[in-house]
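Structural overview
Now for the letters of each chain:
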Amino acid sequence: MKRLTLILITLTISAGMILTFTPFSLAAELSDDDCIKCHTQPPADIAANGGAHKTEVSCMECHEGHPPTVRENIPACNSCHSGKSHYELQNCLSCHNNPHTPLILHLAKDITGPCLTCHQEQGVLLQENKSFHTTMACTACHQEHAQVPPCVNCHEPHSETMVQADCSQCHQAHKPLVVVYNDSTPSKSCGSCHEEALSQLSAGKTKHQALACAACHKDKHKTVPTCQDCHNVPHSAGMMKKFPTCGECHNTAHDLNL
Ligand code: HEC
Ligand code: HEC
Ligand code: HEC
Ligand code: HEC
Ligand code: HEC
Ligand code: HEC
Ligand code: HEC
Ligand code: HEC
Ligand code: HEC
Ligand code: HEC
Ligand code: HEC
Ligand code: HEC
């Protein structure tokens with residue numbers, strides 16, 4: 001084979017056609033294994049963190065041709081990635097700043113729109129439930145992709161005993177002013193702001209004492225039940241006509257008078 005090539009080259013030289021033949025012959029010999037001989041960083045990056053750019057594409061599928069024969073051998077991302085709104089963004093390399101490590105992202109602190117190309121739901125929640133958080137960029141909180149910040153990085157808890165894990169009893173980050181909770185929310189948490197209600201209720205000796213705040217003030221902050229919601233009217237109509245409100249005899253729910 002080698003000998004055949006030599007003969008061919010000799011023939012070509014003698015035919016005076018060397019200028020067109022030589023570059024073709026070299027280009028054909030360049031393979032992915034050669035790149036590392038002259039370029040160390042890209043192969044090292046791909047080996048370490050290439051992800052799908054290591055397993056699904058080769059150097060030469062992206063870099064078609066090589067200088068000086070081919071001057072422009074840097075591919076456009078959208079030559080392979082198209083068909084999703086995410087791929088319509090400008091300046092892919094501003095976030096994916098090294099194509100040889102495509103999932104190591106560099107995220108500026110003021111990004112919102114591009115996140116919505118994949119996370120529409122969170123954008124909708126923030127817009128439909130206006131709060132100060134709506135005015136913040138996604139990456140003001142999520143400084144790295146998929147990382148979730150603790151609330152207490154930016155806020156004091158409502159009391160000294162309250163910790164980060166408690167916040168989600170009542171709040172969701174994307175609609176922080178909509179305070180909702182379930183029956184198992186400890187009364188202590190409500191007591192951070194309603195000290196009097198908590199101390200009154202705990203001091204009592206009635207069966208209400210065993211009930212959590214959230215068992216009576218159900219689901220949503222500022223819900224106030226009536227006594228009748230749970231007890232109907234356990235007394236005679238005659239008595240109720242004379243003393244129309246429960247509180248006339250029983251004082252308040254937190255401080256029952258028996
Ligand atoms: C013999 C050394 C050598 C080999 C082997 C080699 N390159 Fe290069 N490469 C160079 C040099 C030198 C340049 C700079 C050329 C220039 O600027 O005109 C370059 C330029 C490039 C560029 C363009 C960089 C830019 O800024 O535009 C890319 C991409 C590239 N090489 C990729 C590859 C790939 C992929 C391979 C393997 C298939 C490879 N090279 C193999 C020496 C080599
Ligand atoms: C998925 C496509 C893709 C693959 C696969 C890929 N590259 Fe690149 N490469 C690019 C892009 C895009 C740039 C331009 C980066 C920039 O502008 O910052 C680039 C830049 C380069 C450069 C010039 C800048 C530099 O970092 O030195 C070289 C050399 C290079 N690649 C070599 C390689 C080699 C060698 C391989 C295989 C081990 C490879 N590339 C695999 C897309 C790719
Ligand atoms: C030659 C084709 C080609 C080019 C050019 C190319 N990619 Fe890819 N890329 C792929 C393939 C194939 C995959 C794997 C399948 C998929 O996710 O679409 C991939 C996957 C990715 C992934 C996911 C990686 C992973 O491990 O899951 C990212 C991020 C990415 N590409 C970004 C880019 C960016 C940014 C550019 C431009 C700098 C680019 N690609 C250019 C072919 C390419
Ligand atoms: C504002 C930052 C940003 C820009 C700009 C950006 N991306 Fe992304 N990209 C991301 C983030 C964040 C992910 C999610 C990464 C993950 O899942 O780990 C991602 C994921 C990807 C993926 C893999 C997942 C998928 O759905 O395919 C590909 C491919 C990709 N981007 C290609 C591109 C291309 C092509 C461009 C330019 C047209 C681009 N990206 C521009 C931030 C960006
Ligand atoms: C990166 C910082 C940051 C993080 C993390 C953060 N916030 Fe905020 N939040 C703010 C800023 C800034 C404001 C406006 C000033 C203020 O009220 O302290 C705010 C306001 C609020 C408000 C009042 C909203 C309004 O419109 O009045 C609530 C409630 C709130 N945050 C709850 C939370 C909860 C709960 C978490 C965790 C799930 C959280 N925040 C995480 C920065 C942050
Ligand atoms: C004030 C800080 C803050 C802002 C601004 C913020 N997030 Fe979040 N995000 C969080 C916290 C904290 C969580 C954890 C869940 C929770 O507490 O509700 C979270 C959870 C998520 C999740 C996981 C799924 C889920 O909904 O729980 C995604 C995805 C997400 N955020 C995307 C976004 C996007 C996209 C934006 C911008 C449109 C954004 N976030 C704005 C703090 C924030
Ligand atoms: C190309 C699509 C894509 C883009 C763009 C994207 N994400 Fe994601 N994101 C994902 C996927 C897929 C996951 C789930 C897998 C994972 O955890 O990496 C995720 C997960 C998350 C999570 C964690 C969810 C959890 O349950 O813990 C947060 C927070 C998040 N993204 C925020 C963002 C923010 C902020 C941006 C804008 C800078 C963004 N994402 C851009 C695809 C994307
Ligand atoms: C038991 C329920 C509950 C828990 C647990 C809770 N909050 Fe609140 N939070 C509220 C209520 C209710 C308000 C609204 C008070 C109002 O209407 O003024 C509020 C308001 C806020 C505000 C707005 C400013 C302020 O102080 O009034 C911030 C910020 C906040 N919470 C952060 C947090 C953080 C951080 C945590 C976790 C450490 C947390 N919350 C845990 C119920 C709770
Ligand atoms: C961050 C402090 C805070 C926390 C925590 C908190 N609240 Fe409140 N709550 C308030 C404020 C402020 C008001 C409004 C007071 C006013 O209007 O005089 C209020 C009002 C109320 C009201 C009265 C509504 C009305 O119409 O009079 C009820 C009932 C209530 N809270 C129950 C609860 C319950 C139950 C919890 C625990 C799940 C809780 N609160 C946790 C701050 C808080
Ligand atoms: C969310 C439901 C709920 C509401 C609202 C409620 N209660 Fe009760 N109450 C209970 C339960 C549960 C008991 C215990 C019943 C038992 O164990 O037999 C109870 C017990 C009582 C008792 C008997 C106490 C004892 O120790 O024997 C009185 C009296 C009473 N409630 C009066 C009231 C009055 C007055 C109101 C309004 C101010 C009220 N309740 C509101 C649920 C409620
Ligand atoms: C047995 C049911 C019940 C329990 C348990 C209960 N409440 Fe109430 N709460 C009521 C009722 C009913 C009212 C309306 C006033 C009345 O008739 O007593 C009320 C009124 C309130 C009010 C507004 C009026 C005021 O007194 O300031 C607040 C705030 C409140 N409760 C907070 C709490 C907190 C915090 C807890 C837990 C420590 C709690 N409640 C436990 C039934 C209950
Ligand atoms: C005129 C005073 C008076 C009024 C008004 C009144 N109660 Fe009573 N209630 C009492 C007395 C006294 C008892 C204790 C009777 C007993 O032990 O048989 C009692 C007992 C109860 C009990 C406990 C019953 C049991 O079986 O243990 C409940 C629950 C109760 N009341 C709820 C209410 C509710 C709800 C209202 C308003 C609709 C109300 N009461 C109005 C005087 C009153």
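Residues numbered from 1 in each chain as written. Chains lettered and ligands numbered in written order. Predicted model: local features only at pLDDT ≥ 70, side-chain atom pairs only at ≥ 80, totals over all residues. Heavy atoms only, no water.

**Notes on the site of ligand 1**
The local shell around ligand 1 holds 14 residues, among which C35, C38, H39, H63 and H66 are the closest. Take H39: an N or O atom from its side chain is 2.8 Å from a nitrogen atom of ligand 1. Between ligand 1 and H66, the relevant distance is 2.7 Å, taken from a nitrogen atom to a side-chain nitrogen or oxygen of the residue. Taken together, the elements giving at least two residues each to the shell around ligand 1 come down to α3 (32-38) and α6 (59-62). Top contributing element to the shell around ligand 1 by residue count: α3, with three residues. Across the shell around ligand 1, the residue classes tally to seven nonpolar, five polar and two charged. (Near = heavy atom within 4 Å. Polar contact = N/O pair within 3.5 Å; in protein donor to acceptor, adjacent residues only side chain to side chain. Helix = DSSP H or I, 4+ residues; strand = E, 2+ residues; numbered from the N terminus. Nonpolar A, V, L, I, M, F, W, Y, C, P; charged D, E, K, R; others polar.)

**Let's talk about the coordination of the iron atom of ligand 8**
In ideal tetrahedral geometry, four donors around a metal make angles of 109.5 degrees, whereas ideal octahedral geometry with six donors gives angles of 90 or 180 degrees. Around the iron atom of ligand 8, the donor atoms from the protein are H158 (NE2) and H171 (NE2), and they sit 2.0 Å away. Residue classification places H171 among the partly exposed positions, given a relative accessible area of 34%. (Donors = N, O, S within 2.8 Å, 3.2 Å for Na, K, Ca; no water. Buried < 20%, exposed > 50% of the residue type's maximum accessible area, 1.4 Å probe, protein only.)

**Points about the site of ligand 11**
Not every one of the 16 residues close to ligand 11 is listed here, only the nearest: C213, C216, H217, A253 and H254. A253 places a main-chain nitrogen or oxygen 3.0 Å from an oxygen atom of ligand 11. H254 places a polar side-chain atom, nitrogen or oxygen, 2.7 Å from a nitrogen atom of ligand 11. Elements with a minimum of two residues in the shell around ligand 11: α12 (195-203) and α13 (213-216).

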